[in-house]
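Analysis of the macromolecular model
The chain contents come next:
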Amino acid sequence: MGTDTVRAQAGDEAAERRREQRGWYFYDWACSVYSTSVLTVFLGPYLTSVAKSAADADGYVHPLGVPVRAGSFFAYCVSASVVVAIAVMPLAGAAADRTGRKKPLLALCAYLGASATTGLFFLDGDRYLLGGLLLIVANASVAVSMVVYNSYLPLIAPPEERDAVSSRGWAFGYAAGSLVLLANLVLFTAHDSFGVSESTAVRICLASAGLWWGAFTLIPLRRLRDRRTTSPGAAVHGWRQLAATVRDMRRTPLTLAFLLAYLIYNDGIQTVISQASVYGSQELGLGQSTLITAVLLVQVLAVGGALGMGRLARTYGAKRTVLGSLVAWTATLAAGYFLPAGAPGGFFALAACIGLVLGGSQALSRSLFSHLVPPGKEAEYFSAYEMSDRGMSWLGPLLFGITYQLTGSYRDAIISLVAFFVLGFALLARVPVREAVRDAGNPVPERI
């Protein structure tokens, strides 16, 4: 084969790889709107109000005959969705790796979640059970879809490109979240001008996220390719495969060590995201419009933060950049502890700091883990990765709640989360990532 032919073939492969990468980014663009507009901003307060309208005189609803305080219903549904996702993730990971048919699985999860989210338009009156069921389906679907989605990263990006590709994916997601949240806020705040009630405006915002999710999922489904495999087996062996994956990780203990570090510091990240609005409203006395604007600020700055930290990783390596982000998280929490009440400017500054490190720390963690996955086991290992994220996300809120219960201070509760970042930093710093990449059987990038 001549040199020109080899070069042409390499050029064609690079062009096809870039096409897949651009398609891959669009699943972040598609599904991140659900996480931002639905889960973070609108659904919690709205579903709680629906549950309260269905509650008895003592403030309880009775799903399946179990008395539940209406104000807790949303939180319990989120917890239930985590349990469902944990049960399904190993099945999805095993099926994706054993059959090589990742696209049908991604489509199934995406459109199940998008349909459930769109169905939230019918959440009104006292239909709290409908809202709870749709929330469980949508939240579990997005979690499982991310297992399949993340498992594409080692297949579409060579080692030297993964930090940048992963960071761009996160940036696409935050950009979409910002764009749709801005449109939602215009509709919500000016609903009278559009001739709809506040309740209808919220339901339109919820349903539009599902339509967006479903429409833009078509792009990755058109551009990503399935890699056929001759591996035997079927999805029914998912839990057996998960056990085998954990045993396999014992042969690559450095991969397991990284996963433990990620589990701890990411739990801190997720808890800050979920509890920041509680801290702002209850401790700082800030209004709902201020809190929603802060969420929008986080989304906008997270785009630049993800891309900027991706560039830093090319110079300093992903591990050092993630360690630096954990220092920034710790400093942000310390600053938050001293924020004066009734001062939205300080809260916006805190939101800006979170936005600048949020996307990059998550994107680089994903790309760093992708180097530690043995070839051919991408979906299985990313199933464990996603489970460490979703499955242990109750530890941070538990510490936050216990600290508040014991001290009566949200300031003490927010500063208690520093423990996750300090311990995560210490564990990650001890992982020799170059050796971990070699142990996994992958080429070691020049910078990592």
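Residues numbered from 1 in each chain as written. Predicted model: local features only at pLDDT ≥ 70, side-chain atom pairs only at ≥ 80, totals over all residues. Heavy atoms only, no water.

**Let's talk about the packing of aromatic side chains**
The line we're drawing: Under the pairing criterion, centres of Phe, Tyr and Trp rings, with the six-membered ring standing for Trp, must be within 6.5 Å; the plane angle then separates stacked pairs below 30 degrees from edge-to-face pairs above 60, leaving the rest tilted. By definition, any uninterrupted DSSP run of H or I lasting at least four residues is a helix, any uninterrupted run of E lasting at least two residues is a strand, and each is numbered from the N terminus. Each residue's exposure class comes from its accessible area (1.4 Å probe, protein chains only) as a fraction of the maximum for that residue type: buried when under 20%, exposed when over 50%, partly exposed otherwise. The rule is short: NZ of Lys or CZ of Arg within 6 Å of the ring centre and within 35 degrees of the ring normal puts a charge over the ring.
Throughout the structure, instances matching the rule amount to 20 aromatic pairs. Ring centres of F258 and F369 lie 6.1 Å apart, and the angle between their planes is 20°; this geometry places the pair in the stacked category. Of this pair, F258 sits in helix α9 (residues 253–283) while F369 sits in helix α12 (residues 344–370), and the two are 111 residues apart along the sequence. Assigned by exposure class, F258 and F369 land together as buried. Clustering of aromatic rings is evident, with ring pairs tying together W24, Y25, F26, Y27, W29, Y149, F172, W212 and F216. The ring of F121 carries R203 above its face, with NZ or CZ at 4.7 Å from the centroid.

**Quick notes on the layout of surface pockets**
To be explicit about the condition: Grid points spaced at 1 Å and placed over the protein atoms alone form the basis of the search, with a cavity being a set where a 1.4 Å probe fits but cannot get out and a pocket an open set showing protein on both sides within 12 Å along at least five of seven lines. Lining residues have an atom within 4 Å of a point. Grid points are joined across faces, edges and corners, and a volume is the space filled by probe spheres set on the points.
The calculated volume of the second largest pocket comes to roughly 240 Å³. Those elements that place two or more of their residues in the lining of the second largest pocket are α2 (73–99), α3 (102–118) and α4 (128–151).

**Comments concerning unusual backbone geometry**
In this model, L64 sits at a positive phi of 55°, which is unusual for a non-glycine residue. Following the sequence through the fold, L64 ends up in the loop between β1 (60–61) and β2 (68–69). For L64, a relative accessible area of 88% gives the class exposed.

**Here we look at the packing of α9 against helix α11 (residues 318–337)**
Under the convention used in this document: Only the stretch in contact is used when a helix axis is fitted, and all axes are lines through C-alpha atoms; the angle between N-to-C directions ranges over 0 to 180 degrees. Any angle from 65 to 115 degrees is called roughly perpendicular, while one under 35 is roughly parallel, one over 145 is roughly antiparallel, and all others are oblique. Crossing handedness is read from the near helix: turned anticlockwise from the far helix by less than a right angle, it gives a left-handed crossing, and turned clockwise, a right-handed one. Between two residues, a contact is recorded if the distance between any of their heavy atoms is within 4.5 Å.
Taken N-terminus to C-terminus, the directions of α9 and α11 make an angle of 30°; their axes are 12 Å apart at the nearest point. The orientation of α9 relative to α11 falls into the category roughly parallel. Like other packed secondary-structure pairs, α9 and α11 cross with a definite hand, here left-handed. In this structure, α9 uses Y265, I269, V272 and Y279 to contact α11, whose residues at the interface are V322, L326, W329, L333, G336 and Y337.

**Focus on the side chain of R366**
If you trace the backbone, R366 turns up in helix α12. Under the relative-accessibility criterion, R366 is labelled buried at 2%. Discounting residues that sit within four places of it in the chain, R366 has contacts with W24, D28, M146, Y149, N150, L153, S166, G169, W170, F382 and Y385.

**Quick look at the environment of P375**
Here P375 lies in the loop between α12 and α13 (378–390). Along the sequence, P375 and P253 sit 122 residues apart, while their C-alpha atoms lie 16 Å from each other. Ignoring sequence-local partners within four residues, the contact set of P375 consists of A440, G441 and N442.

**Concerning the nonpolar core**
Put simply, the rule is: Buried Ala, Val, Leu, Ile, Met, Phe, Trp, Tyr and Cys residues form a nonpolar core when they are joined through side-chain atoms within 4.5 Å.
If you look at the biggest cluster of nonpolar residues, it comprises 62 residues, and the most contacted ones within it are F258, Y265, W329, F347 and F369. When residues in this core are grouped by element, the largest group, eleven residues, is from α9.

**Re the pattern of salt bridges**
The condition is simple: Here, a salt bridge means any side-chain nitrogen of Lys or Arg that lies within 4 Å of a carboxyl oxygen of Asp or Glu.
Evaluation of the coordinates by the stated rule reveals six salt bridges. Close ionic contact of R225 with E16 constitutes a salt bridge, the shortest N to O distance being 3.4 Å. Within this pair, whereas R225 is found in the loop between α7 (198–223) and α8 (238–251), its partner E16 is found in helix α1 (residues 3–54), the two being separated by 209 residues in sequence. One connected set of salt bridges, linked through shared partners, spans E16, E20 and R225.

**Examining empty space enclosed by the protein**
Basically, it comes down to this: Gly falls in the polar group here, along with every residue not listed as nonpolar (Ala, Val, Leu, Ile, Met, Phe, Trp, Tyr, Cys, Pro) or charged (Asp, Glu, Lys, Arg).
Across all of its chains, the model carries two cavities of 30 Å³ or more by this definition. Of the volumes computed, that of the largest cavity is approximately 70 Å³. Taken together, V272, A276, Y279, T332, L333, G336, L350, I354 and I414 form the lining of the largest cavity. Among the elements of the structure, α9, α11 and α12 are those that each provide at least two residues to the lining of the largest cavity. Here the lining of the largest cavity is composed, by residue class, of seven nonpolar, two polar and no charged.

**Describing the confidence of the model for the chain**
Applicable threshold: pLDDT: the predictor's confidence for each residue, scored from 0 to 100.
Of all residues in the chain, 91% attain a pLDDT of 70 or more, and the chain-wide mean is 85. Taken element by element, the predicted model of the chain shows its lowest mean pLDDT in α13 (69) and its highest in helix α16 (residues 418–429) (96). Note on residues 231–236: pLDDT is under 50 here. Beyond four places in sequence and across chains, it has seven contacts.

**Brief notes about a nonpolar patch on the surface**
Stated precisely, the cut-off is as follows: Here the term patch refers to residues with relative accessible area over 30% and no salt bridge, with like charges joined within 9 Å and nonpolar side chains (Val, Leu, Ile, Met, Phe, Trp, Tyr) within 5 Å. Per-residue accessibility takes into account occlusion by the displayed protein chains alone, with areas from the Shrake-Rupley method and a 1.4 Å probe.
A surface patch of nonpolar side chains, amounting to about 290 Å² of accessible area, comprises L182, V186 and F194. As for its position among the elements, V186 is in helix α6 (residues 162–189). Residue classification places V186 among the partly exposed positions, given a relative accessible area of 43%.

**Some words on α11**
The criterion, for reference: For a helix, the expected span equals 1.5 Å multiplied by the residue count minus one.
The terminal C-alpha atoms of α11 lie 29 Å apart, and with 20 residues this matches the ideal 28 Å at 1.5 Å per residue to within 8%. Here α11 has its buried residues at A318, K319, T321, V322, L323, S325, L326, W329, T332, L333 and G336.

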